[in-house]
Amino acid sequence: MPRPFLSPRNDLVFKLLFGDARNTGPLTDFLKAALDLPPEDLLDIVLVDPHLNGEGIDDKQGVLDVKAKTGTGKMIDIEIQVAEQPQMRERIIFYLSRMITEQVSRGESYQKIERSICILITDYVQIPENDCYHNRYRLHDPRTGSEFSDIMEVNTLELTKLPHNTDGSALWDWLKFLDARQEEELKMLAEKNPQIGKAVARLQELSEDERTRLLAESREKMEWDNAARMQAAREKGLKEGLEKGREEGLEKGREEGRGEGREEGLLSVAHAALKRNLPIEEIMALTGLSREAILSLTH
């Protein structure tokens, strides 16, 4: 009897699906759907060592989920995150920086540097500022809109924002594949796109392999255990910060003879929570502040 499909969102399963050097067809088709690259860039996708090495022995290291190189030399990192992680934006910038610096050895020309692109796929809201499921970021002047360089690019793909009905794009199909909860969904997507069909067939093979299933389930348990520990620590820290902020606010309010101090204390707590990249909704629930009041602290 066939085993239930493993989730393609599991990072181990994702790596086995898109990091298979024997069959880069699904990866190439996904990149074609997700990135704004000319066709010639995607003619010869090569998977490379996902480890990022520092220059010194004490430098921070990194391991990417899937790392690929295009036929024209562009470097691509694909990351998938099911549970929310702290400092995710900073981590992505670190990965991109490493991908750039490792292209040039001492004494070589900066002209060797090719564009480094990160695709971050999340099963939670990473970009609360808008409702788009695909955001693309490069270095530019927000005032004039002029681009400084496209040498670094970040693409965020948020499964939680994916519309229920198709928007007609191949990217929607691929993200629906990753987000699929039922076997029937996978079969329908496989019929629409031959490369998704290959990914579904590979997913079925992995799901039938007992060792892969045990490893995937172990990875999933570890991820959720880590997420639960971080959530507990986050709630404890927010509770302590909120209590401190309330005490400081009430004390200031008593000193000034009015209630403005409490709001200032809550804003102080919200500001600290933003620095820790906590979700806006969570900060709203714990402080009682409006979204607008919290977002004003980011300016």
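Structure: above.
Residues numbered from 1 in each chain as written. Predicted model: local features only at pLDDT ≥ 70, side-chain atom pairs only at ≥ 80, totals over all residues. Heavy atoms only, no water.

Caption draft 1: The arrangement of the overall build of the protein chain in detail. Along the protein chain, the regular secondary structure elements total 10 helices and 8 strands. The burial tally for the protein chain puts 41% of its 299 residues in the buried class. Of the roughly 16800 Å² that the protein chain leaves accessible, carbon and sulfur atoms contribute 52%. (Helix = DSSP H or I, 4+ residues; strand = E, 2+ residues; numbered from the N terminus. Buried < 20%, exposed > 50% of the residue type's maximum accessible area, 1.4 Å probe, protein only. Areas by Shrake-Rupley, 256 points an atom, 1.4 Å probe, with all protein chains shown as cover.)

Caption draft 2: Structural detail: the pairing of strand β8 (residues 147-158). Both strand β6 (residues 116-122) and β8 contribute to a ladder of 7 bridges, which runs parallel. From the neighbouring strand, Ile117 faces β8, where its bridge partner is Glu153. Relative to β8, strand β7 (residues 134-140) is paired through 6 bridges, and the arrangement is antiparallel. Pairing of Asn135 across the sheet is with Thr156, part of β8. A loop of 6 residues connects β7 with β8, the two strands running antiparallel in sequence, and Gly145 in this loop sits at a positive phi of about 85 degrees. (Pairing = 2+ DSSP bridges.)

Caption draft 3: Structural context of the nonpolar core. Ranked by size, the top nonpolar core spans 40 residues in total, and within it Phe18, Phe30, Leu31, Ile78, Ile119, Ile121 and Phe177 carry the most contacts. Counting only elements with at least two residues in this core, the list comes to α1 (11-18), α2 (25-34), β4 (66-69), β5 (75-81), β6, α4 (170-179), α5 (183-192) and α6 (194-208). Per-element accounting of this core gives the leading share, 6 residues, to α4. Setting aside residues up to four positions removed in sequence, Phe18 forms contacts with Pro26, Leu27, Phe30, Leu47, Val66, Trp174, Phe177 and Leu178. (Core = buried A, V, L, I, M, F, W, Y, C linked by side-chain atoms within 4.5 Å. Contact = heavy atoms within 4.5 Å.)

Caption draft 4: Local environment of the pattern of salt bridges. Across all of its chains, the model carries 19 salt bridges by this definition. Ionic pairing is found between Arg22 and Asp20, a salt bridge with its closest N-O pair at 3.0 Å. A relative accessible area of 70% places Arg22 in the exposed class. Two residues, Asp150 and Arg115, come together in a salt bridge whose shortest N-O distance is 2.8 Å. With Asp150 in strand β8 and Arg115 in the loop between α3 (88-101) and β6, this residue pair connects regions lying 35 residues apart in the sequence. When its relative accessible area of 28% is taken as the criterion, Asp150 is described as partly exposed. (Salt bridge = Lys/Arg side-chain N within 4 Å of Asp/Glu carboxyl O.)

Caption draft 5: The packing of α4 against α5, seen in detail. As a packed pair, α4 and α5 sit with axes 9 Å apart at the nearest point and diverge in direction by 150 degrees. Classed by the angle they form, the pair α4 and α5 counts as roughly antiparallel. The crossing of α4 and α5 is left-handed. Here Asp173, Lys176 and Phe177 of α4 come into contact with α5, specifically with Glu185, Leu186, Leu189 and Lys192. Here the contact of α4 with α5 is composed, by residue class, of 3 nonpolar, no polar and 4 charged. (Axes fitted to C-alpha atoms, helices over the stretch in contact; angles between N-to-C directions. Parallel < 35°, antiparallel > 145°, perpendicular 65-115°, else oblique. Left-handed = near helix turned anticlockwise from the far one by under 90°. Nonpolar A, V, L, I, M, F, W, Y, C, P; charged D, E, K, R; others polar.)

Caption draft 6: Region of interest: the packing of aromatic side chains. Following the criterion strictly, the structure yields 6 aromatic pairs and no others. When the centroid spacing of 4.8 Å and the interplanar angle of 40 degrees are considered together, the rings of Phe14 and Phe18 count as tilted. You can see Phe14 and its partner Phe18 sitting in helix α1, 4 residues apart, about one turn around the helix. A relative accessible area of 0% places Phe14 in the buried class. Accessibility expressed as a relative area gives 2% for Phe18, which makes it buried. Their ring planes at 55 degrees and their centres at 6.0 Å tell us that Phe94 and Tyr95 sit as a pair that is tilted. According to the relative accessible area criterion, Phe94 is partly exposed, its value standing at 21%. Taking relative accessible area as the criterion, Tyr95 reaches 8% and is therefore assigned buried. Ring pairing ties together the aromatic residues Phe14, Phe18, Phe30, Trp174 and Phe177, which thus form one cluster. (Phe/Tyr/Trp six-rings, centres within 6.5 Å; stacked < 30°, edge-to-face > 60°.)

Caption draft 7: Looking closely at the sheet that holds β8. In spatial order, the strands read β1-β4-β5-β6-β8-β7; together these 6 strands make up an open sheet with mixed pairing. Strands with a single pairing partner mark the edges of an open sheet, and in this sheet they are β1 (46-47) and β7. Note: β4 against β5, 4 bridges, orientation antiparallel. Bridge assignment links Lys69 to a residue of β5, and that residue is Met75.

Caption draft 8: Highlighting α4. The buried fraction of α4 amounts to 9 of the 10 residues, a majority that puts the element mostly inside the structure. All of the buried residues in α4 are Leu171, Trp172, Asp173, Trp174, Leu175, Lys176, Phe177, Leu178 and Asp179.

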